[in-house]
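As a plain string of letters, each chain reads:
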Amino acid sequence: MNLPANKSLGQNFLTDKNIIGRIISAINPQENETIIEIGPGQGALTEGLLKAGANVIAIEKDERMPEVLTKMAEKYTGTLTVNLADALKINLATLHNGPVKIVGNLPYNVGTQILFNALKNPQSFSKMVFMLQKEVVERITATHESKNWGRLGVKCNLLSNTQKLFDVPPSAFYPKPKITSSIVELVPLKRPRYEMEEKKLDHLLRKAFGQKRKMLRASLKGVLTEQQISDIGVSPQARPETVSLENLCKLSNLI
Ligand code: SAM
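Calculation rules
Residues numbered from 1 in each chain as written. Predicted model: local features only at pLDDT ≥ 70, side-chain atom pairs only at ≥ 80, totals over all residues. Heavy atoms only, no water. Phe/Tyr/Trp six-rings, centres within 6.5 Å; stacked < 30°, edge-to-face > 60°. Lys NZ or Arg CZ within 6 Å of the ring centre and 35° of its normal. Near = heavy atom within 4 Å. Polar contact = N/O pair within 3.5 Å; in protein donor to acceptor, adjacent residues only side chain to side chain. Areas by Shrake-Rupley, 256 points an atom, 1.4 Å probe, with all protein chains shown as cover. 1 Å grid on protein atoms, 1.4 Å probe; cavity = no way out; pocket = protein on both sides within 12 Å on 5 of 7 lines; lining within 4 Å. Points joined across faces, edges and corners; volume = space filled by probe spheres on them. Helix = DSSP H or I, 4+ residues; strand = E, 2+ residues; numbered from the N terminus. Domains from an automatic or database assignment. Contact = heavy atoms within 4.5 Å. Buried area = accessible area lost by both parts, 1.4 Å probe. Salt bridge = Lys/Arg side-chain N within 4 Å of Asp/Glu carboxyl O. Nonpolar A, V, L, I, M, F, W, Y, C, P; charged D, E, K, R; others polar. Core = buried A, V, L, I, M, F, W, Y, C linked by side-chain atoms within 4.5 Å. Buried < 20%, exposed > 50% of the residue type's maximum accessible area, 1.4 Å probe, protein only. Pairing = 2+ DSSP bridges. Right-handed = clockwise from strand over helix to strand, strands pointing away. Axes fitted to C-alpha atoms, helices over the stretch in contact; angles between N-to-C directions. Parallel < 35°, antiparallel > 145°, perpendicular 65-115°, else oblique. Left-handed = near helix turned anticlockwise from the far one by under 90°.

**Student:** How should the packing of aromatic side chains be read in this particular structure?
**Tutor:** Inspection of every chain in the model, using the stated rule, returns 0 aromatic pairs. It is Arg22 that lies over the ring of Phe166; its NZ or CZ is 3.9 Å from the centre.

**Student:** Is there a simple way to think about the site of the ligand in this case?
**Tutor:** Lining the immediate environment of the ligand, one finds 20 residues, of which Leu14, Gly39, Glu60, Ala87 and Asn105 sit closest. At 2.8 Å, a side-chain N or O of Gln11 approaches an oxygen atom of the ligand. In this structure, an oxygen atom belonging to the ligand sits 3.3 Å away from a main-chain N or O atom of Gly41. For the ligand, the accessible surface in isolation is 590 Å², of which the surrounding protein chains cover 98%.

**Student:** Would you mind showing me how to read the layout of surface pockets here?
**Tutor:** Considered as a void within the structure, the largest pocket measures approximately 480 Å³ in volume. In this structure, the largest pocket is lined by 32 residues; those nearest its centre are Leu9, Gly39, Glu60, Asn105 and Pro107. The set of elements that each furnish at least two residues to the lining of the largest pocket consists of β1 (13–14), β2 (34–38) and β3 (55–60).

**Student:** Teacher, can you tell me more about the domain arrangement of the protein chain here?
**Tutor:** Frequently, the measure chosen for interface size is the accessible area that the parts lose on association. Each assigned domain of the protein chain is listed here: domain 1 (7–188) and domain 2 (198–253). Each of domain 1 and domain 2 has a C-alpha centre, and these two points are 33 Å apart. Taken together, the contacts link 11 residues of domain 1 with 15 residues of domain 2. Both sides together, the interface formed by domain 1 and domain 2 hides about 1,000 Å², and carbon and sulfur atoms give 69% of it. When the buried surface of domain 1 facing domain 2 is broken down by residue, Trp149, Arg151 and Lys155 rank first, second and third, together holding 49% of it. Inspection of the domain 1/domain 2 interface yields 2 salt bridges. Inspection of the region where domain 1 meets domain 2 yields 5 residue pairs in polar contact (both at pLDDT 80 or more). Among the residues making up the side of domain 1 that touches domain 2, the classes are represented as 3 nonpolar, 4 polar and 4 charged.

**Student:** In this structure, what is going on with the nonpolar core? I would like to understand it.
**Tutor:** Across soluble globular proteins, you tend to see nonpolar side chains buried next to one another. Formed by 48 residues in total, the largest nonpolar core has its most connected members in Ile38, Ile102, Leu115, Met128, Phe130, Ile140 and Leu216. Residue-level mapping places this core at the junction of two domains, with at least three residues from each of domain 1 (7–188) and domain 2 (198–253). Setting aside anything within four residues of it in sequence, one finds Leu115 in contact with Met128, Phe130, Ile140, Leu152, Cys156 and Leu186. Formed by 30 residues, the second largest nonpolar core is a distinct cluster that contains Ile35, Met72, Ala73 and Leu80.

**Student:** Just to check I follow, could you spell out unusual backbone geometry for this structure?
**Tutor:** Comment: phi is negative for the bulk of residues other than glycine, and the bulk of peptide bonds are trans. For the peptide bond that leads from Tyr174 to Pro175, omega is -15 degrees, which places it in the cis range. As for its position among the elements, Pro175 is in the loop between β8 (173–174) and β9 (181–188). Of note, Asn28 is a non-glycine position whose phi angle comes to about 55 degrees, a positive value. Relative to the helices and strands, Asn28 is located in the loop between α1 (17–27) and β2.

**Student:** Sorry, what's going on with the pairing of strand β4 (residues 80–84) here?
**Tutor:** Each regular strand carries side chains that alternate between the two faces of the sheet. Two elements, β3 and β4, share 5 bridges in a ladder whose sense is parallel. The residue bridging Ile57 from the neighbouring strand is Thr81, located in β4. The parallel pair β3 and β4 is bridged by helix α3 (residues 65–73), and the resulting crossover is right-handed.

**Student:** Help me understand the packing of helix α7 (residues 198–210) against helix α10 (residues 245–253), please; the structure alone is not making it clear to me.
**Tutor:** Two quantities define a packed helix pair, namely the angle between the helix axes and the distance between the axes. Where α7 meets α10, the closest approach of the two axes is 9 Å, and the angle between their N-to-C directions is 110 degrees. It follows that α7 is roughly perpendicular to α10 by the angle criterion. Crossing handedness for the pair α7 and α10: right-handed. When α7 is examined against α10, the residues Lys200, Leu201, Leu204, Leu205 and Phe209 are found in contact with a partner set consisting of Leu248, Cys249, Leu251 and Ser252. Residues that form the contact of α7 with α10 fall into these classes: 7 nonpolar, 1 polar and 1 charged.

As structure tokens, this is what we get:
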């Protein structure tokens, strides 16, 4: 690690070779396949992708990195294109004619926003492998009846098959973060798991999970009647974290 970390860009560089190897195995890069990498930093993951012969399109916000990365890439047959850009401001789906894999050890401060950016066009990606805070990965992979079930889990599970792969301890990075991270895999579905209108579902989720401790009959007042809620087999006394994805979609379809 040659360059000092920039905290405001959420920089914690991976240094543990064993962990890097396990993440590369999870991505399973193939010769000549195109892979999009968000936040390559100094190339801890990029190198393994290029070594396997993959062609990497990297999006990095730190202007110090393109030079370091381009130099590293000279050794490998896989090609590297570095876009000096903010992954929040570009449409990730337009970077390549998909579906392609998208990967990254994401900056913690904007990790979920980057994930949502990728999920805007799930069909553009064959697989996503991301490192995020352990607590965020638990929300992504949650199901109903778990305290972690909320808007993030609902959206991710509506659009993809999610799976937590493994935890990564602070000792795997320089500088060491204060928290444990996890690797999560999302495999986008061809179409959303249940029929719904995104705007209506978003509205329902904001209302229901915005006041998580309240019963649905209170949090959805003015949105749905108690009768409408019970007609689809959900108790108006239920709290949102106990309601399944299918029933949340059904409720939103009544709006
Ligand atoms: N992949 C490297 C590694 O594992 O060592 C670096 C990971 S570090 C946690 C996150 C990286 O994302 C940094 O290189 C940072 O500069 C970059 N980054 C932060 N915000 C970004 C954004 N909005 N768009 C693109 N890259 C960003």
